[in-house]
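# Residue-level structural notes
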Amino acid sequence: MPAKGKHRRPKQNPITRKLALAGTGGAALALPLISATTAGAVGTSAPAAAVTTVTAATAVNVAAALPTTYSVVVGDTLSEIAADHSVSGGWKQLYEANRTVVGDNPSIIRPGIKLTLGAQEKAATAAKSAAKTAAKPASSYSNNLDGWIRESLDVMAKHGIPGSYNGIHRNVMRESSGNPKAINLWDINARNGIPSKGLLQVIDPTFKAYHVPGTSLDSYDPVANITAACNYAAARYGSIDNVNGAY
């Protein structure tokens, strides 16, 4: 990657700077790597990671929707119906619940009659089980650097983007010290009106070009920023793990 020279800030150690440039439609795309001490902070809050859950109310509604009656067809027997529908108490319970429509002989049931399956109890049991499962989120990530990296890694895995936790963490700490609102307002990109932003200090053209579907369109969003930067690094260097700050 061609060097763009060195930048020195007053009263600080010199920092060797090299900008990664890739032509896309005539526009220069860059993922500049800067010292964490040079990225100005604009707030410290970050959006919480999205969590997909199934509510207990939904689970109860699904369970309540289970069939509670059965229409008899030719060849049916109470024992077969009870077994097929897991009726508690078997055919005897099924018969007792439907004696008025079946008649005095449980061995003879007429096609077309509707039997109550006693599924209310079954639905209630299913509802309890579903509600218990619904209490646990399908997936959750902590709203901090660890959680952002882990969520990004999951997104990356779905899109075949290489990278490791350590590789991402190392670069994040060098670029922004873990501040998702970090912004560089002094380097060549800033002077060109496209300052580097976020955890991995990505300029907007690079973020847009390497944005990964399913993540936020906000370049400050921690997960979106990490994932786009890793996508760029994969295309340019093979993996974010190969970005070590010295080229």
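Source: prediction; values computed, not measured.

## A closer look at the overall build of the protein
Looking only at helices and strands, one finds 10 helices and eight strands in the protein. Residue burial in the protein is summarised as follows: out of 247 residues, 39% are buried. Residue pairs in contact within the protein that sit at least 24 positions apart in sequence constitute 60% of those at least 6 positions apart. Total accessible area computed for the protein in this model is approximately 13100 Å², and 55% of it derives from carbon and sulfur atoms.

## Overview of the packing of aromatic side chains
Under the criterion given, the structure shown has two aromatic pairs. Between the aromatic rings of Tyr210 and Tyr232, the centroid separation amounts to 5.2 Å while the plane-to-plane angle is 80°, which identifies the pairing as edge-to-face. Taken together, the residues span a long stretch of sequence, with Tyr210 in helix α9 (residues 204–210) and Tyr232 in helix α10 (residues 222–237) at a distance of 22 residues. Summarising the burial analysis for this pair, Tyr210 and Tyr232 share the class buried. A network of ring pairs unites the aromatic residues Tyr210, Tyr232 and Tyr237 as a single cluster.

## Description of helix α7 (residues 165–176)
Between its first and last C-alpha, α7 extends 16 Å over 12 residues, near the 16 Å set by a 1.5 Å rise per residue. Residues of α7 that are buried: Gly167, Ile168, Asn171, Val172, Glu175 and Ser176. Down the axis of α7, the buried side of the element spans an arc of 125°, and every buried residue falls inside it. Those residues of α7 that are buried lie in contact with α6 (145–158), β8 (182–183) and α10. At the C-terminal side of α7, Ser177 shows a positive phi close to 55°.

## Here we look at the nonpolar core
One finds Ile168, Ile226 and Cys230 to be the most contacted residues of the largest nonpolar core, which totals 26 residues. Elements with a contribution of two residues or more to this core: α6, α7, α9 and α10. No other element matches α10, which puts nine residues into this core. Not counting the four nearest positions on each side in its chain, Ile226 is found in contact with Trp148, Ile149, Ser152, Ile168, Leu199 and Leu200. The next biggest cluster of nonpolar side chains, apart from the first, holds 12 residues, and it includes Leu78, Ile81, Leu115 and Leu117.

## Observations concerning unusual backbone geometry
Within the chain, Ser86 stands out as a residue other than glycine whose phi angle is a positive 50°. Counting through the fold element by element, Ser86 comes out in the loop between α2 (78–84) and α3 (90–97).

Basis of the calculations
- Throughout this document, residue positions are counted from 1 along each chain, in the order its sequence is written.
- Reporting of local features is limited, given that this is a predicted model, to residues whose pLDDT is at least 70; pairs of side-chain atoms are given and counted only at 80 or more, and all residues count toward the totals for whole chains, interfaces and linings.
- Heavy atoms from the whole structure form the basis of all side-chain values; hydrogens and water molecules are not counted.
- In this text, helices come from DSSP runs of H or I with a minimum length of four residues, and strands from runs of E with a minimum of two, each type numbered from the N-terminal end.
- Throughout this description, buried means an accessible area under 20% of the type-specific maximum (1.4 Å probe, protein chains only), exposed means over 50%, and partly exposed covers the range between.
- The contact criterion used throughout is that any non-hydrogen atoms of two residues lie within 4.5 Å.
- Surface accessibility in these figures is a Shrake-Rupley result with a 1.4 Å probe; residues are shielded only by whichever protein chains are displayed.
- Only the six-membered ring of Trp is used, alongside the rings of Phe and Tyr, when aromatic pairs are assigned; centres must lie within 6.5 Å, and planes under 30 degrees apart are stacked while those over 60 apart are edge-to-face, with the rest tilted.
- Multiplying one less than the number of residues by 1.5 Å gives the expected span of a helix.
- Summarising the geometry, the arc corresponds to the directions from the helix axis toward the C-beta atoms.
- Buried residues of nine kinds, namely Ala, Val, Leu, Ile, Met, Phe, Trp, Tyr and Cys, make up a nonpolar core once their side-chain atoms join them within 4.5 Å.

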